[in-house]
Structures are given as C-alpha cells and as structure tokens.
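# Reading the structure
Listed below are the residues making up each chain.
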Amino acid sequence: MSYKYILASASPRRRELLSRLGIPFEVHPSGEEETITQTDPAMIVEELSRQKALSCTRSLPEDDILVVIGADTIVAFQGNVLGKPKDEKDAAGTLRLLSGRTHQVFTGVTVCRGGRDPQYFTFHEKTDVTFYPLTEKEISAYVASGDPMDKAGSYGIQGIFAPYVREIRGDYNNVVGFPLARFYHEMKKRKLL
C-alpha cells in the first residue's frame, strides 16, 4: 500500500530531517491549543506529539492512506522543563544554568494512521547533551545573535552554538528536533514505509 504522509509541524528543522528519508510529505501544522497534564519530560513530549498528530488527523478528510506524524521536543535540566526563552535575559539565564553541565533533550513522536478510527503509536527519544563552560562574553554574543530566541533550552545545536557542545550521548538528530533513525525503524517495523 502506498501512503500519503503528513507532517503535523511547522518546524523547518523537522521538515529538513524528514525529507532525508526521500518520502514525499505535506506539512499541515496542528492549530489546536496544547495541554500538558504530565510532569515527567518523557511523558510530556509523548502527550504533546499525540495531541498534534490526532488534532491534525481530525482536521483532514477521513482517509485510510493518510499517515500523520506529530512531534514535540523539550529540554530538561534536573527534571525541570526549559522552554523557549521569553526574552534575551531569560535566554542568558538558561545558558548560564546549562553552562558546563549535562541536560537532556526529549522528543516525542506520534504516528497516526487516518480513517474512521485512527490507529496510532507513540514513542520518545532522550539525548544527553553536555556544554563546555561558557563565559559571559560568549553568552552575550550568542544571545545578541538572536539564534536562541525560538529554541527550547535557548540554543540550537546545529548552528553557531556548536562550538560550545562538549558531548552528546544519544541521537544528534533528536537534539535538532526529530529522532530520524528511530522513526525510520519504528515505521519499517510496522510496514508504514
């Protein structure tokens, strides 16, 4: 069976990663308000990815060949979720907190097969990221670049922040925003690719 794939995310990073599989897909971001009822970072990303995928599936025509992919990424330090910065001061504070330390990046993925009674599965991936110690000058210059302002944890590993990342334990693409290899193997196992 040939499926029609839908990415329920406006993230350019997820779009770029998914395109590496060579499968055609359309982008239909979920417009529904997200609600968090969990406290564990792994469960939060699973919950949010599920909401995105199911919301998008409900907004599309009922079709058994539709496969909707929802994803959500968060950064956590010592069990606390670090969201996108509110302003430059907040971004600098987050970078000071993570300087010289290890934190976790969680991405949840839900794949929903459309139709009258949508079937779905959800998983999450966790990656440990360690930063080198950052100086105030380095933090100020990075914040002034504007790069951290739309990113969970106030940094983007794939951009100009790369020189400050000391170590990664786990999937690099997960930190960018989509655990591509795990996704590929989960889809292959279920014969959805």
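An account of the accompanying structure is given in this report.

Conventions used here
- Residues numbered from 1 in each chain as written.
- Predicted model: local features only at pLDDT ≥ 70, side-chain atom pairs only at ≥ 80, totals over all residues.
- Heavy atoms only, no water.
- Helix = DSSP H or I, 4+ residues; strand = E, 2+ residues; numbered from the N terminus.
- Rg over C-alpha atoms; globule rule 2.2 N^0.38 Å.
- Buried < 20%, exposed > 50% of the residue type's maximum accessible area, 1.4 Å probe, protein only.
- Contact = heavy atoms within 4.5 Å.
- Areas by Shrake-Rupley, 256 points an atom, 1.4 Å probe, with all protein chains shown as cover.
- Lys, Arg positive; Asp, Glu negative; His and termini not counted.
- Charge placed at Lys NZ, Arg CZ, Asp CG, Glu CD.
- Polar contact = N/O pair within 3.5 Å; in protein donor to acceptor, adjacent residues only side chain to side chain.
- Phe/Tyr/Trp six-rings, centres within 6.5 Å; stacked < 30°, edge-to-face > 60°.
- Axes fitted to C-alpha atoms, helices over the stretch in contact; angles between N-to-C directions.
- Parallel < 35°, antiparallel > 145°, perpendicular 65-115°, else oblique.
- Left-handed = near helix turned anticlockwise from the far one by under 90°.

### Brief notes about the overall build of the chain
In terms of regular secondary structure, the chain is built from six helices and seven strands. Taking 16 Å as the expected radius of gyration for a compact globule of 193 residues, we find that the chain reaches 17 Å, a close match to that expectation. When its C-alpha atoms are laid out on the principal axes, the chain stretches across 55 × 30 × 25 Å. Looking at the chain as a whole, 49% of its 193 residues qualify as buried. Of all intrachain contacts in the chain linking residues separated by at least 6 positions in sequence, the fraction that spans at least 24 positions is 69%. Approximately 9,700 Å² of the chain is accessible, and the part contributed by carbon and sulfur atoms is 49%. Charged side chains of the chain number 25 positive and 25 negative; the gap between the two group centres comes to 4 Å.

### A few points about the side chain of Thr57
With respect to the helices and strands, Thr57 occurs in helix H2 (residues 41–59). With residues up to four places along the chain from it excluded, the contact list for Thr57 reads Val68, Cys112, Gly114 and Pro118.

### Considerations on the side chain of Glu125
Structurally, Glu125 can be placed in strand S6 (residues 119–131). In terms of polar contacts, Glu125 uses its side chain to reach the side chain of Arg182, at 2.9 Å.

### Thoughts on the packing of aromatic side chains
Within the structure shown, the criterion is met by eight aromatic pairs. Ring geometry for Phe121 versus Phe123: centroids 6.5 Å apart, planes at 15 degrees, classification stacked. The two residues Phe121 and Phe123 agree in class, both being buried. A ring pair is formed by Phe131 and Tyr155, whose centres lie 4.8 Å apart and whose planes are at 85 degrees; its orientation type is edge-to-face. Residue Phe131 is located in strand S6, and its partner Tyr155 is located in the loop between helix H4 (136–144) and strand S7 (165–169); the two are separated by 24 residues in the primary sequence. Its relative accessible area of 1% is what places Phe131 among the buried residues.

### Digging into the packing of helix H3 (residues 88–98) against H4
Between H3 and H4, whose axes approach to 10 Å, the crossing angle comes to 140 degrees. Judged by the angle between their axes, H3 and H4 are oblique. Where H3 crosses over H4, the two elements pack in a sense that is right-handed. The segment H3 lies against H4, with Glu88, Ala91, Ala92, Leu95 and Arg96 engaging Glu136, Ile139, Tyr142 and Val143.

That's the geometry; what it means functionally is another story.
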